[in-house]
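Fold and contact review
For reference, the chains in residue letters:
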Amino acid sequence: MENVLEPLRAAIRLLFEVTAYPVLAYFIVINSFLLLLIIFASVNFTAHLRRQSFAGARVTAASPLSPGISVLMPAYNEGAVIATSVRSVLDLRYPDHEVVVVNDGSSDETLQTLIDVYDLVEDRREVSVKVPVRGTVRAIYRARDTALPIVVVDKENSGRSDSLNMGLNVASKDLVVMVDADSLLDPDSLLVVSKPFTDDPERVIATGGVVRVANGCEVVAGRVVRVNMPKNYFARIQIVEYLRSFLLGRAGWSQLNSLILISGAFGMFRRDLVTQAGGLDPDCIGEDFELVMRLHRMMRRSKRKYRVIFIAEPVCWTEVPSTAAVLARQRRRWHRGLWEVLIKYRGMTFNPRYGTVGMIALPYYWIFELIAPAIELFGLVIVPLGLLLGVVNVPYALAFIAVAYLYAIFVSLMALLVEEASFHRYNRWGDLWVALLVSVQENIGYRQLTAIWRIQGWWAALRGKKQVWGTMTRTGFENASP
Amino acid sequence: MPHRILVVDDDADIRDLVSTKLESSGYEVETAGDGVAGLELAINNEYSLVISDVMMPGMSGVDMVRMMRSAEPPISVPVILLTAKNQERDIESGFAAGVTDYVVKPFSPRELAARVAGILAR
Amino acid sequence: MLVSWDVLAVAVVVLVVACVLALTAVVLIKAARHAGERRRAVHDEAIRTRIMMLAVAEDEALAKLESELASTTGALGEHVENTLLRMIPEVRGDVRGAMIRVLAARGLLSRSLDRIHSRGAIQRAAAAELLGILGGREVIGPLTAALQDKSLEVRLVAARALGVAARPEAGGHLVDALSLTSGIPHSVAATALLNLPEQDPAVYIEGLRDRDAGIRYGSAAVVGLLLMSEAADALFDCMVAERGREGASDVVIAACARSLGRLGHKPAISELADISCSSAASSSVRQAAGEALKAMPGAEARDVRRRVIEHADADVRRILVDA
């Protein structure tokens, strides 16, 4: 027995010795980077909050010269919510916006509901094709009452991206914003997210809003009226996760003018540029990420000055997966999308021609987003093995784990701190204790599970499997129980 | 017996300003902070008039009127909507929903009180 | 070689301290905010009824109420100011005047007039915003001066504030602020212009002939939205001249077209028809011309529309088909 274990022990020891310093270096770099992002994010927030008193939303809301916005809403079997979603978008506070619903071959009553509720009639006028579309269009509808700015495209099922491309062809306003039918928008959301376009019309090409967790919140007629912590374990953890990635991550990147990931749930773009770039790539899983990368490449190559801006103010709420199965599917999908986009734009990585996007943002996503779960799993296997075989002693292993997890907790606390100092939507003391509990809790189980799921997604991408998880026409929230 | 008026607005400042003005004109005023609460009060009480904001979290003023008119039995109380400048669409959909009159923000409390008196005199 | 014990131990200690500090900060901020909310509620209780009475009180009672509100001090005084600043944009008429008098008597006007010269751009912008809300003749000078501020943010807020203050004498300055060199977005300066009373069409007729494309664009847009029919001919000339210009601006042509449509200026019909089918014009310009044609009244316009539909691109056809 002993002589069988001895070579293994030697191998593990060697592995420990070889990897100890690289892992430590990785750890130091990723954490320092996060700290830097936190600092940049704080600068971003301070600037935003100090300007609140003269944001001018009231004037913009009443101006006939504010840029028009087309709200693109793909819908696949949304019969239960579609009428409310459309109504809530029509009621948003903005002087000039239209709703473009693209019914992606729903098999339920989505289309009929819209026809009945909004008194739609068929619109036989032709549509010029600016972005190629795969799904065949069956009919286009608009309201009999021409004052009601709604267009509904009925087409055969061809996926979310293709539906959005169809929406781009029908859209008539200068700005487009992509929303999901189950997203809940605040009444001022269009004003807030379009503000950078009004303030700097020459350079701003895209803005991305924050997405917040709607689970547990009180919702009336498509609006969040009261923010609560959800009871569900997975949803709670995702609240802290979303605060971290949005409040600290994206605000920091935006400050560096290298925001490369805009959430598909609430991203606003200049229509002419998205059309020029060719719309969304229907073959790409991370289609939102891919589009933003394509815009970055287009603008950098043509040497035009441009900005992609993150909007920190919470205006969009979405239901997040509340079961392990749905969450697993979402995370596999996200990681697969990440890999596909990084591979597709590998030529931009470490390419000084693409400025901070190529030199900082892309390398960061490669090293710290893509590879992170592999390192996590490596630690998860090697530390217990080392313990078992007596290569390392118990206190040492515990200290090692404590460093990793304490740092994670510290970053979560920083996110809570920023939220508390800025938007403080979770107002009660109870909310804070729950958030604290969750920051500790997520390190035991959740963190490891997501690492596994992400590796699975990556693995699936490497093997080039198509459609492994069924027809994923929507963002992956479709089975989330309310 | 004084007229009872329901004021629905999510902005407490406006709610208080309007009710102070109307109370000084001798009306009895009740208030609600959103469309849902307003609808509930309108269903369970008898009012001579409702004054409501359009943009409110949850149910909008126009939606509230729509639901009042389609309730069983329908609530046919006159409604004045407070709407923001340049929101003609609200005015159109409001009239379609059965709104009686409009006052555009920024509004003059004195003028609002005069409109109220005019409608109640009909 | 393994990472030494000491490094790990130090890291653990540092991180624990950092976590405790962060947590303490969160708790302190939350506690401070809750305390602030409670304090505001107390102030509100004390003063709210009297603020609302501004809408009711008359003559002597009003004067007494105003001076009472103006003489509040400390945190309570601050609360009065914040409440009034929140309410002023929502109201007009007598009550607005009373509220502004209270703020002026509290010294907010003179404080803002000082602060618009402070060193920090954020302070200057905040002061400009306040001056716009307070309005009156004396704020126009400092605000128009702020249109030349070295910070773009201050210039932008000053332009918007001039619109909120809504005094006719700001007109010429705001037209100048439309220029490309000002850096102020066109939509902001033009929106402010839309809000001014008693406007002189001559200013815009001149603006339509300006060398600066920003001024031409803004003048064209405002003329249409304010339905200034006196400027219709100049608007038409501007559109024709723009098409022939070296480096013609699409936004100017589109704005002229839209405004001509809004004014229903019939002499422009054939030119608009030409633009809507022109391959030299960009898609957005063609569509603007199409929209304008759609809005034109009369039999001639109907015939022209019918003719244009046969030659125009799909987007323009889409606009005109159901006109």
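Quick note: structure is the one above.
So, a few notes on the structure that sits alongside this text. Numbering of residues starts from 1 in every chain and runs along the sequence as written. A letter from A marks each chain and a number from 1 marks each ligand, given out in the order of writing. Totals for whole chains, interfaces and linings use all residues, but because this is a predicted model, local features are given only for residues with pLDDT of at least 70 and pairs of side-chain atoms are given and counted only at 80 or more. Computation of side-chain values: all heavy atoms of the structure, hydrogens and water removed.

**Considerations on the overall build of chain A**
Each helix and strand counted, chain A has 15 helices and 12 strands in total. For 482 residues, the compact-globule estimate of 2.2 N^0.38 gives 23 Å, and the C-alpha radius of gyration of chain A, at 24 Å, lies within 12% of that figure. Considering only C-alpha atoms, chain A reaches an extent of 85 × 50 × 50 Å along its principal axes. Each residue gets one of three labels from its accessible area relative to the maximum for its type: buried under 20%, exposed over 50%, partly exposed in between, using a 1.4 Å probe on protein chains only. Counting all 482 residues of chain A, 61% fall into the buried class. Put simply, of all contacts in chain A between residues at least 6 apart along the chain, 80% involve residues at least 24 apart. A 1.4 Å probe and the Shrake-Rupley method give the accessible areas. Residues count as covered only by the protein chains that appear here. Per element, the accessible surface of chain A, about 18600 Å² overall, is 60% carbon and sulfur. Put simply, chain A has 52 plus and 45 minus side-chain charges, and the middle of one group is 6 Å from the middle of the other. The helix count covers DSSP runs of H or I at least four residues long, the strand count covers runs of E at least two residues long, and both are numbered beginning at the N terminus. Taken over C-alpha atoms, the radius of gyration is set against a globule rule of 2.2 Å times the number of residues to the power 0.38. Contacts between residues were defined by any pair of non-hydrogen atoms, one from each residue, lying within 4.5 Å. When charges are counted, Lys and Arg contribute as positive and Asp and Glu as negative, whereas His and the chain ends are disregarded. For this purpose, a charge sits on NZ of Lys, CZ of Arg, CG of Asp or CD of Glu.

**Some words on the packing of helix α3 (residues 74-87) of chain C against helix α4 (residues 94-105) of chain C**
Residue and element names in this part refer to chain C. Every axis corresponds to a line fitted to the C-alpha atoms, with the helix fit spanning only the stretch in contact, and the corresponding angles, defined between N-to-C directions, vary from 0 to 180 degrees. Their axes nearest at 10 Å, the elements α3 and α4 cross at an angle of 145°. For α3 against α4, the interelement crossing comes out left-handed. Of α4, the residues touching α3 (which contributes Glu-81, Leu-84, Leu-85 and Met-87) are Met-99, Val-102 and Leu-103. The residue makeup of the contact of α3 with α4, split by class, is 6 nonpolar, no polar and 1 charged. Left-handed describes a crossing whose near helix is turned anticlockwise from the far helix through less than a right angle; right-handed describes the clockwise counterpart. For this classification, the nonpolar set comprises Ala, Val, Leu, Ile, Met, Phe, Trp, Tyr, Cys and Pro, the charged set comprises Asp, Glu, Lys and Arg, and every other residue, Gly included, is treated as polar.

**Description of the interface of chain B and chain C**
Taken together, the 17 residues of chain B in the interface contact 18 residues of chain C. Together, the buried faces of chain B and chain C total about 1500 Å²; carbon and sulfur atoms form 51% of this surface. Together, Asp-13, Leu-17 and Pro-106 of chain B form the three largest contributors to the area buried by chain B at its contact with chain C, with a combined 38%. Put simply, a salt bridge is a Lys or Arg side-chain nitrogen that is within 4 Å of an Asp or Glu carboxyl oxygen. There are 7 salt bridges connecting chain B and chain C. Buried area counts how much accessible surface, traced with a 1.4 Å probe, disappears from two parts once they are put together, with both parts' losses summed.

**Re the sheet that holds strand β6 (residues 175-179) of chain A**
Spatially, β3-β4-β5-β2-β1-β6-β11-β8-β12-β7 (chain A) is the arrangement adopted by the 10 strands of the open sheet, whose pairing is mixed. One side of each edge strand has no neighbouring strand; the edge strands of this open sheet are β3 (120-122) and β7 (184-185) of chain A. Strand pairing is assigned whenever DSSP detects at least two bridges linking the two strands.

**Let's talk about the interface of chain A and chain C**
Each side of the interface is counted separately: chain A has 52 residues, and chain C has 49 residues. With both sides pooled, the region where chain A packs onto chain C buries about 4800 Å², and carbon together with sulfur makes up 67% of that total. Counting across the interface, chain A meets chain C through 7 salt bridges. Among the ionic pairs, Arg-33 of chain C bridges to Glu-420 of chain A, the shortest N-O distance being 2.6 Å. Any N or O atom pair separated by 3.5 Å or less is treated as a polar contact, with the protein-specific requirement of one donor-capable and one acceptor-capable atom, and with residues adjacent in sequence counted only for side-chain atom pairs. Run the count over chain A and chain C and you get 16 residue pairs in polar contact (both at pLDDT 80 or more). Elements represented by at least two residues in the side of chain A that touches chain C include exactly α1 (2-50), α2 (57-62), α6 (189-199), α13 (394-421) and α14 (429-441) of chain A.

**Quick look at the sheet that holds strand β1 (residues 4-8) of chain B**
All names here are of chain B. Pairing in this open sheet of 5 strands is parallel, and the strands run β2-β1-β3-β4-β5 from one edge to the other. Taken across any chain shown, the strands that pair with only one partner, and hence form the sheet edges, are β2 (28-32) and β5 (101-105). Each strand axis lies, on average, 20° off the axis of its neighbour in the sheet, ignoring direction. The pairing of β1 with β2 spans 5 bridges and is classified as parallel. What sits directly across from Val-7, in β2, is Thr-31.

**Overview of the side chain of His-265 of chain C**
Position of His-265 of chain C among the secondary structure elements: in the loop between α14 (250-263) and α15 (269-277). With a relative accessible area of 12%, His-265 of chain C lands in the buried category.

**Description of the environment of Leu-272 of chain C**
Residue and element names in this part refer to chain C. Looking at the secondary structure, you find Leu-272 in helix α15. Here Leu-272 falls in the buried class, since its relative accessible area comes to 0%. A sequence separation of 90 residues divides Leu-272 from Ser-182, and the C-alpha atoms of the two residues are 31 Å apart. Apart from residues no more than four positions distant in its own chain, Leu-272 is found in contact with Met-239, Ala-257, Ala-289, Ala-292, Leu-293 and Met-296.

**Notes on α4 of chain C**
Every helix has an expected span of 1.5 Å times one less than the residues it contains. Relative to the 16 Å expected for 12 residues at 1.5 Å per residue, α4 of chain C spans 16 Å between its end C-alpha atoms, a close match to the ideal helical length. Taken together, the buried residues of α4 of chain C touch α1 (12-24) and α5 (109-121) of chain B together with α2 (59-70), α3, α5 (108-115) and α6 (121-134) of chain C.

**A few points about the pairing of β1 of chain B**
Residues and elements named next belong to chain B. Counting buried positions along β1 yields 4 of 5 residues, so the element is predominantly enclosed. Where the polypeptide runs from β1 across α1 and back to β2, its parallel neighbour, the crossover connection is right-handed. The pairing of β1 with strand β3 (residues 49-53) spans 4 bridges and is parallel. Counterpart to Ile-5 in the pairing with β3 is Leu-49. Crossovers are marked right-handed if the path from the first strand over the helix to the second runs clockwise, as seen with the strands pointing away from the viewer.

**Notes on the pairing of strand β2 (residues 97-104) of chain A**
Working note: regular strand, side chains alternate between the two faces of the sheet. Residue and element names in this part refer to chain A. With 8 of 8 residues buried, β2 is to be regarded as a mostly interior element. Of the two faces of β2, the one holding His-97, Val-99, Val-101 and Asn-103 and the one holding Glu-98, Val-100, Val-102 and Asp-104 are both buried throughout. For strand β1 (residues 69-75) and β2, the ladder comprises 7 bridges, and the chain directions are parallel. If you follow Leu-72 over to β2, its bridge partner there is Val-100. Note on the crossover from β1 through helix α3 (residues 82-90) to β2: the handedness is right-handed. For β2 and strand β5 (residues 150-155), the ladder comprises 6 bridges, and the chain directions are parallel. Bridge pairing in β5 places Asn-103 opposite Asp-154.

**A few points about unusual backbone geometry**
Across the junction of Glu-72 of chain B and Pro-73 of chain B, the peptide omega takes the value 0°, indicating a cis bond. Tracing the backbone shows Pro-73 of chain B in the loop between α3 (61-69) and β4 (79-84). A positive phi angle, near 55°, is found at Asn-257 of chain A, a position not held by glycine. Considering the arrangement of structural elements, one finds Asn-257 of chain A in the loop between α7 (233-255) and β11 (266-270). The exposure class of Asn-257 of chain A is partly exposed, given its relative accessible area of 28%.

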